[in-house]
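Summary of structural features
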Amino acid sequence: MTDPTELAALKASLRGARATAATLDDLAPRVDPLTDDPDEALLEDLRRLSAAHALAAQALRGLVETMLRRRGKTVESVASTGGSGEDE
């Protein structure tokens, strides 16, 4: 049976990871043309936004691992078989 709270959390976690990835993507026009050291403001933006993305991605990963364990799959077994985590 599907847990609606878990499903809502999964959707929210994915939205968070995608949103933070988009903010990093927005910095590409400032990073791609660099030919010298970036200025302090750019480095600060990169630090702040990459930390936010790392947190969002880790939250998503943790939730997915919890969902896999609830289904009786270990993270190691899914990784070793190259599975997507979906029931086949």
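Just above, that's the structure.
These notes cover the structure that comes with them. (Residues numbered from 1 in each chain as written. Predicted model: local features only at pLDDT ≥ 70, side-chain atom pairs only at ≥ 80, totals over all residues. Heavy atoms only, no water.)

On to the side chain of Ser 13, then. Locating Ser 13 in the fold gives a position in helix H1 (residues 4-25). The residues contacting Ser 13, other than those within four sequence positions of it, are Ala 59, Leu 60 and Leu 63. (Helix = DSSP H or I, 4+ residues; strand = E, 2+ residues; numbered from the N terminus. Contact = heavy atoms within 4.5 Å.)

Every α-helix winds through 3.6 residues per turn, so residues three or four apart in the chain are directed the same way. For helix H3 (residues 40-70), with 31 residues, the first-to-last C-alpha span of 45 Å sits near the 45 Å given by 1.5 Å per residue. Two or three places before Ala 41, at the opening of H3, Asp 39 has a side-chain oxygen 3.2 Å from that residue's backbone nitrogen. Looking one or two residues past H3, Gly 72 carries a phi angle of roughly 85 degrees, positive in sign. (Expected span 1.5 Å × (residues − 1). Polar contact = N/O pair within 3.5 Å; in protein donor to acceptor, adjacent residues only side chain to side chain.)

To continue, consider the pattern of salt bridges. Counted under the stated rule, the structure contains five salt bridges. Among the ionic pairs, Arg 48 bridges to Asp 45, the shortest N-O distance being 3.0 Å. Of this pair, Arg 48 and Asp 45 both sit in helix H3, separated by three residues, roughly a single helical turn. Using a relative accessible area of 18% as the deciding quantity, one classes Asp 45 as buried. The residue Arg 61 makes a salt bridge to Glu 65 at a minimum N-O spacing of 3.0 Å. Of the two residues, Arg 61 and Glu 65 both sit in helix H3, four residues apart, roughly one turn of that helix. Three or more residues joined by partner-sharing salt bridges are found here, namely Arg 30, Asp 45 and Arg 48. (Salt bridge = Lys/Arg side-chain N within 4 Å of Asp/Glu carboxyl O. Buried < 20%, exposed > 50% of the residue type's maximum accessible area, 1.4 Å probe, protein only.)

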